[in-house]
Each structure stands twice: as structure tokens, then as C-alpha cells.
Amino acid sequence: MALELEGTLRQKLGVQSGTSARGQWAKQEFILEFPDGNFTAQACFTAWGQEKVAELDKYQVGDKVKVSFNLKSREYNGRWYNDLQMWRIAPAGQAAAAAPAYSAPAAPSASSAPAAPAPTLDDMPADNPEDDLPF
């Protein structure tokens, strides 16, 4: 499921990196503040992979951005955890034509195919058996 949200970049947490069976990995979490009715809300997003971390690094706290992300949930010991995985970040209000075409066309037909492949599990770092955290 691909979603988009516009808001203000409120905080960038430190870059986390390591080595797994698949090689080097990096991730960085950031907080986006966005309007929610008459109030504002905040959500924590994750930029997985060195490429996405570098993309996030182009933006500073206070910048207005548009985040495209996937919503994932997983169960661990009877509890469920949600993860908002960013796959694109752009300045807020940027025209859709300037962004890569990851979404389906406005009028889908049986013969149309997506312009670019969606992120796969290969984009995620492998599970580390020594890490006892569920995320």
C-alpha cells in the first residue's frame, strides 16, 4: 500500500547502520508533523537503505516536504508493530510530473503496467538473529 503525506520535517534521528548476511545496511528515522483536522499530528517514518538516507539528508528540520511511504505491520510476541517506510521524499507542493512515476496511471486499463517496480524485500536488511528487538 503506497501512501503520501505532506507536512513539516520536525526532527531527524541519528543514522543507524550495520552489517547483515546481505551486506551493509543503513536506516534513519524522522518525525513529520502534519495537519489533522483542527490540530497537528506527528508520525515517525523510516528511511531504509543508504540511498534513502542520502535523499533524506537533502532536507533540514523545518522544511515542508511530501513523503511517499508504505505502511507495514508485523507481530512479535503477541503484539503488533507498525512501520512507515519512506520510499520517496520531495519538497511539498512539487508537481507530480517532476517526481518518478511509482503510482498507477489515473485511468488504469488492463494493458497498462506500472512505470517502475515497487520496493521489494531485497531492499530491506536481513534479520539479525543476535538482535532481540522486534524491529
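Look above for the structure.
Since the structure is predicted, the reported quantities are computational estimates derived from the model, not experimental observations.

Asks: An account of the overall build of the protein chain is needed here, citing residue identities and associated values.
Replies: For the protein chain, the count of helices and strands is 1 helix and 5 strands. When the helices and strands of the protein chain are placed in sequence order, the string is β-β-β-α-β-β. By residue count, 28% of the 135 residues in the protein chain fall in the buried class. Sequence separation of 24 or more characterises 52% of the internal contacts of the protein chain that already satisfy a separation of 6 or more. Taken as a whole, the protein chain presents about 9100 Å² of accessible surface, with 52% of it coming from carbon and sulfur.

Asks: Summarise the side chain of Asn70; cite the residues concerned and give the values.
Replies: With respect to the helices, strands and loops of the structure, Asn70 is situated in strand E4 (residues 64-76). One polar contact links Asn70 to Trp87, side chain to side chain, over a distance of 3.5 Å.

Asks: Before we move on, could you go through the nonpolar core and cite the residues and values that matter?
Replies: With 16 residues, the main nonpolar core has Phe30, Phe45, Val65, Val67, Met86 and Ile89 as its most contacted residues. Every element with two or more residues in this core is listed here: strand E2 (23-36), strand E3 (39-48), E4 and strand E5 (79-91). Among the elements that make up this core, the one with the highest residue count is E3 (4 residues). For Ile89, the residues in contact, after removing those within four places along its chain, are Glu55, Leu56, Tyr59, Val65, Lys66 and Val67.

Asks: Before we move on, could you go through the pattern of salt bridges and cite the residues and values that matter?
Replies: Oppositely charged side chains are able to pair whenever their charged atoms sit close together. In the structure shown here, the tally under the stated rule is 5 salt bridges. Here Glu4 and Lys66 are joined by a salt bridge, their closest N and O atoms 3.4 Å apart. Of this pair, Glu4 sits in strand E1 (residues 2-20) while Lys66 sits in strand E4; the two residues are 62 residues apart in sequence, bridging distant segments of the chain. Here Lys66 falls in the partly exposed class, since its relative accessible area comes to 21%. Across the pair Arg10 and Glu33 runs a salt bridge, and its minimum N-O distance is 3.1 Å. Residue Arg10 is found in strand E1, and its partner Glu33 is found in strand E2; the two are separated by 23 residues along the sequence. Each of the salt bridges in this network shares a partner with another, and the network as a whole consists of Glu4, Lys66 and Arg88.

Quick notes on the rules
Residues numbered from 1 in each chain as written. Predicted model: local features only at pLDDT ≥ 70, side-chain atom pairs only at ≥ 80, totals over all residues. Heavy atoms only, no water. Helix = DSSP H or I, 4+ residues; strand = E, 2+ residues; numbered from the N terminus. Buried < 20%, exposed > 50% of the residue type's maximum accessible area, 1.4 Å probe, protein only. Contact = heavy atoms within 4.5 Å. Areas by Shrake-Rupley, 256 points an atom, 1.4 Å probe, with all protein chains shown as cover. Polar contact = N/O pair within 3.5 Å; in protein donor to acceptor, adjacent residues only side chain to side chain. Core = buried A, V, L, I, M, F, W, Y, C linked by side-chain atoms within 4.5 Å. Salt bridge = Lys/Arg side-chain N within 4 Å of Asp/Glu carboxyl O.

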